[in-house]
Amino acid sequence: MRPVKVFLNYLARYWYVLVGIIVGAYISTKLRLYVAVLLGDAVNTAVGGGKESLLLNFALMIIGVTAVSAVFQFVVSYGGQWIAQRVAYDLRRDLFSSV
């Protein structure tokens, strides 16, 4: 249990990055779920309702939402890698300074 506490102490130094990662993951997930809703609306409205002229609008909205979701997913991935590297660096630095 002690190694986990030590690791969490190092991780706590970057709490603001963790919050950003969690918020980014939440937003990215919500946007990806919204794409499914948009697809359902496109099928119901444009195809089922006979309004094929709206298909381009739905397609552009799906592309836009997917692009925004990809940006948030990149932030999550980059933030996770950044924090992992920082914690590893801090651990090595403290280990070698004590030797």
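Our subject is the structure listed above.
Reading guide: rules and limits
Residues numbered from 1 in each chain as written. Predicted model: local features only at pLDDT ≥ 70, side-chain atom pairs only at ≥ 80, totals over all residues. Heavy atoms only, no water. Helix = DSSP H or I, 4+ residues; strand = E, 2+ residues; numbered from the N terminus. Rg over C-alpha atoms; globule rule 2.2 N^0.38 Å. Buried < 20%, exposed > 50% of the residue type's maximum accessible area, 1.4 Å probe, protein only. Areas by Shrake-Rupley, 256 points an atom, 1.4 Å probe, with all protein chains shown as cover. Lys, Arg positive; Asp, Glu negative; His and termini not counted. Charge placed at Lys NZ, Arg CZ, Asp CG, Glu CD. Salt bridge = Lys/Arg side-chain N within 4 Å of Asp/Glu carboxyl O. Core = buried A, V, L, I, M, F, W, Y, C linked by side-chain atoms within 4.5 Å. Contact = heavy atoms within 4.5 Å. Axes fitted to C-alpha atoms, helices over the stretch in contact; angles between N-to-C directions. Left-handed = near helix turned anticlockwise from the far one by under 90°. Nonpolar A, V, L, I, M, F, W, Y, C, P; charged D, E, K, R; others polar. Expected span 1.5 Å × (residues − 1).

1. Structural notes on the overall build of the protein
When helices and strands are counted, the protein shows three helices and zero strands. Relative to the 2.2 N^0.38 estimate, which gives 13 Å for 99 residues, the radius of gyration of the protein is 21 Å and therefore markedly larger than a compact globule would have. Its C-alpha atoms give the protein principal-axis dimensions of about 75 × 20 × 15 Å. The buried share of the protein, taken over its 99 residues, is 21%. Looking at the protein as shown, the accessible area adds up to about 7,200 Å², and 71% of this sits on carbon and sulfur atoms. A distance of 13 Å separates the average location of the 9 positive side-chain charges in the protein from that of its 4 negative side-chain charges.

2. Topic: the environment of Ser-77
Mapped onto the elements of the fold, Ser-77 is located in helix 3 (residues 55–97). Given the relative accessible area of 43%, Ser-77 is considered partly exposed. For Ser-77 and Ile-21, which are 56 residues apart along the polypeptide, the C-alpha to C-alpha distance reads 8.1 Å.

3. Overview of the pattern of salt bridges
If you walk through the whole model with that rule in mind, you get four salt bridges. Two residues, Asp-90 and Arg-13, come together in a salt bridge whose shortest N-O distance is 3.6 Å. One end of the pair, Asp-90, is in helix 3; the other, Arg-13, is in the loop between helix 1 (2–12) and helix 2 (15–48), and 77 residues separate them in sequence. In this structure Asp-90 comes out as buried when scored by relative accessible area, which is 2%. Here the residues in one salt-bridge network are Arg-13, Asp-90, Arg-93 and Asp-94, joined through shared partners.

4. A short note on the nonpolar core
Membership of the largest hydrophobic core is limited to eight residues, which are Tyr-10, Leu-11, Tyr-14, Val-17, Ile-21, Val-76, Ile-83 and Val-87. Of all the elements in the fold, those that place two or more residues in this core are helix 1, helix 2 and helix 3. In terms of residue count, helix 3 provides more of this core than any other element does, three residues in total. Contact partners of Val-17, with chain neighbours within four places excluded, come to Gly-79, Trp-82 and Ile-83.

5. Focus on the packing of helix 1 against helix 3
One can describe the packing of helix 1 onto helix 3 by two numbers: an axis separation of 10 Å at closest approach and a directional angle of 115 degrees. Relative to helix 3, the crossing made by helix 1 is right-handed. Of the residues in helix 3, those in contact with Phe-7, Tyr-10 and Leu-11 of helix 1 are Ile-83, Val-87, Asp-90, Leu-91 and Asp-94. Across the contact of helix 1 with helix 3, the residue classes break down as six nonpolar, no polar and two charged.

6. Structural notes on helix 2
For helix 2, spanning 34 residues, the distance from its first C-alpha to its last is 48 Å, which sits close to the expected 50 Å at 1.5 Å a residue. Along helix 2, the positions that sit buried rather than exposed are Val-17, Ile-21, Gly-24, Ser-28, Leu-31, Val-35, Leu-38, Ala-42 and Ala-46. For helix 2, the elements touching its buried residues are helix 3. One or two steps after helix 2, the chain reaches Gly-50, where phi turns positive at roughly 80 degrees.

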